[in-house]
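This is what each chain is made of:
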Amino acid sequence: QVQPVESGGGLVQAGGSLRLSCAASGSTFSINATNWYRQAPGKQRELVAVINSARSTNYADSVKGRFTISRDNAKNTVYLQMNSLKPEDTAVYYCNALLVDQKRGTEYDSWGRGTQVTVSS
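These numbers were taken from a predicted model, which means no experiment stands behind them. (Residues numbered from 1 in each chain as written. Predicted model: local features only at pLDDT ≥ 70, side-chain atom pairs only at ≥ 80, totals over all residues. Heavy atoms only, no water.)

Colleague: I tried to follow the state of the cysteines on my own but got confused; where do I start?
Modeller: Put plainly, two cysteines are in a disulfide when a covalent bond ties their sulfur atoms together. One pass over the structure, following the stated rule, counts one disulfide. Here C22 is linked by a disulfide to C95, with a sulfur-sulfur distance of 1.9 Å. With the S-S dihedral at roughly -65 degrees, the linkage between C22 and C95 falls on the left-handed side. Taken together, the residues C22 in strand β3 (residues 18-24) and C95 in strand β9 (residues 91-101) connect sequence positions 73 residues apart. Note on accessibility: C22 and C95 belong to one class, buried. (Disulfide = S-S within 2.5 Å. Helix = DSSP H or I, 4+ residues; strand = E, 2+ residues; numbered from the N terminus. Buried < 20%, exposed > 50% of the residue type's maximum accessible area, 1.4 Å probe, protein only.)

Next up, the structure:
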């Protein structure tokens with residue numbers, strides 16, 4: 001089954017920026033509504049940002065004003081721009097997307113494998 005694929009994680013100093021990407025791996029699949037989650041060691045997974053097909057967005061209070069979720073339908077990709085990063089943003093970031101199988105006319109919820117973001121102080 002096709003999964004969304006995250007990329008763009010890495011190590012950055014506090015105050016820095018990263019941009020995460022979430023793309024559908026198959027050419028006949030498109031991404032609909034998408035959520036970004038994160039999970040830090042020893043903590044529960046938390047919802048960070050959401051975007052729907054109409055580009056309506058919502059954010060966790062902890063990232064409002066610093067993170068921006070967006071989508072490029074032509075590239076079939078959803079982005080999470082993260083600015084003014086803090087050490088407490090360190091986590092594995094997961095893309096959770098409603099994937100549309102354009103060939104079969106079906107859609108299903110799917111998770112990526114995650115990308116590590118580490119913010120040093």
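Colleague: What exactly am I supposed to notice about the sheet that holds strand β8 (residues 77-82) here?
Modeller: Reading across the sheet, the four strands line up as β1-β3-β8-β7 and stay open at both edges, with antiparallel pairing between neighbours. Either end of the sheet is taken by a strand with one partner, and the two such strands are β1 (4-7) and β7 (67-72). In this sheet, adjacent strand axes meet at a mean angle of 15 degrees when their direction is disregarded. Bridge count between β3 and β8: six bridges; the pairing is antiparallel. (Pairing = 2+ DSSP bridges. Axes fitted to C-alpha atoms, helices over the stretch in contact; angles between N-to-C directions.)

Colleague: Is there a simple way to explain the nonpolar core in this structure?
Modeller: The tendency in soluble globular proteins is for nonpolar side chains to be buried as a group. Formed by 29 residues in total, the largest nonpolar core has its most connected members in W36, F67, L80, M82, Y93 and L99. Put simply, the parts of the chain that give this core at least two residues each are β3, β4 (29-39), β5 (46-51), β7, β8, β9 and β11 (115-120). Element by element, the count of residues in this core is highest for β9, at five residues. Residues contacting L80, with those up to four places away along its chain left out, are L18, R19, L20, W36, V48, A49, F67, T68, I69 and Y93. (Core = buried A, V, L, I, M, F, W, Y, C linked by side-chain atoms within 4.5 Å. Contact = heavy atoms within 4.5 Å.)

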